[in-house]
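Residue-level structure breakdown
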Amino acid sequence: MYVVKSPLSDADLKTVSEALQGALVDLVDLSLVAKQIHWNVVGPRFRSVHLQLDEVVDTARLHSDTVAERASTLGVSPDGRAATVAHSSGIGPVKDGWVKDTDAVGALVDALGAVIGRMRQRVDATGEADPVSQDIFIQITADLEKHHWMFQAENG
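Along each chain, residue indices are assigned from 1 in the same order as the chain's sequence is written. Given that the model is predicted, a residue must reach a pLDDT of at least 70 before its local features are reported, and side-chain atom pairs must reach 80 or more before they are shown or counted; all residues, however, enter totals for whole chains, interfaces and linings. The side-chain figures draw on all heavy atoms in the structure; neither hydrogens nor water molecules are used.

In the annotation of an unreviewed UniProt entry, the entry for the protein reads DNA starvation/stationary phase protection protein, and the organism field reads Streptomyces dioscori. Looking at the protein in UniProt, the text filed under Sequence similarities (unreviewed entry) is "Belongs to the Dps family." UniProt positions are given in the numbering used here, feature names are shortened, and annotations may be inferred rather than shown by experiment.

Quick look at the structure:
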């Protein structure tokens, strides 16, 4: 079987592959959390929060594909299986059932905050090891921080 050979040293590849895998898991889970809340949000701001949640889902899905493809480019097999995501995500659990709009916004602020914190660690970890992957993490962080700001502003 053909295996893609990375241009990175073994040590750098280890650092970068761990960062990419962690980012993949967090982004897949973020998309699932946002979609779960999207389906269950209720309240006077239902429509605006409902639509805003789909924007987060779209961002997370777009970036998860970029991260997984970067891992593959470097010869690392990405793992986005449900069991892996459930075991490794940095996002806390989301309650089941209907979610009041203000609680939905709060849950997304928390979820985005957790992912952003971990993403910023990945930016730091990959700076010397692989500036190309670091650039991906920087863009992801910028996009997630914009969503974070908008959700924080939603609850004032």
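Now, onward.
**A look at the overall build of the protein**
Secondary structure elements are taken from DSSP: a helix is a run of H or I of four residues or more, a strand is a run of E of two residues or more, and numbering for both begins at the N terminus. In terms of helices and strands, the protein carries five helices and two strands. If you list the helices and strands of the protein from N to C, you get α-β-α-α-β-α-α. Its C-alpha atoms give the protein a radius of gyration of 16 Å, within 12% of the compact-globule value 15 Å for 156 residues. By principal-axis analysis of the C-alpha atoms, the protein measures approximately 55 × 30 × 20 Å. Any pair of residues with heavy atoms lying within 4.5 Å of one another is described as a contacting pair. Taking contacts inside the protein between residues at least 6 apart in sequence as the whole, the part at least 24 apart equals 84%. Two things to know: the radius of gyration comes from C-alpha atoms, and the globule rule equals 2.2 Å times the number of residues to the power 0.38.

**Remarks on the packing of helix H4 (residues 101–126) against helix H5 (residues 131–155)**
In contact at an axis separation of 8 Å, H4 and H5 are set at 160° when each is read in the N-to-C sense. In terms of orientation, H4 and H5 fall into the roughly antiparallel class. When you trace H4 past H5, the crossing you get is left-handed. Across the contact of H4 with H5, the residue classes break down as 14 nonpolar, 11 polar and four charged. Only the stretch in contact is used when fitting a helix axis, every axis being a line fitted to C-alpha atoms; angles between N-to-C directions are given from 0 to 180 degrees. Just so you know how the angles are binned, under 35 degrees is roughly parallel, over 145 roughly antiparallel, 65 to 115 roughly perpendicular, and the rest oblique. A crossing counts as left-handed when the near helix is turned anticlockwise from the far one by less than a right angle, and as right-handed when that turn is clockwise. Under the grouping applied here, Gly and all other residues not named as nonpolar or charged are polar, the nonpolar ones being Ala, Val, Leu, Ile, Met, Phe, Trp, Tyr, Cys and Pro and the charged ones Asp, Glu, Lys and Arg.

**Observations regarding the side chain of Gln 52**
Looking at the secondary structure, you find Gln 52 in helix H2 (residues 46–73). Excluding its chain neighbours within four sequence positions, the residues that come into contact with Gln 52 are Met 150, Phe 151 and Glu 154.

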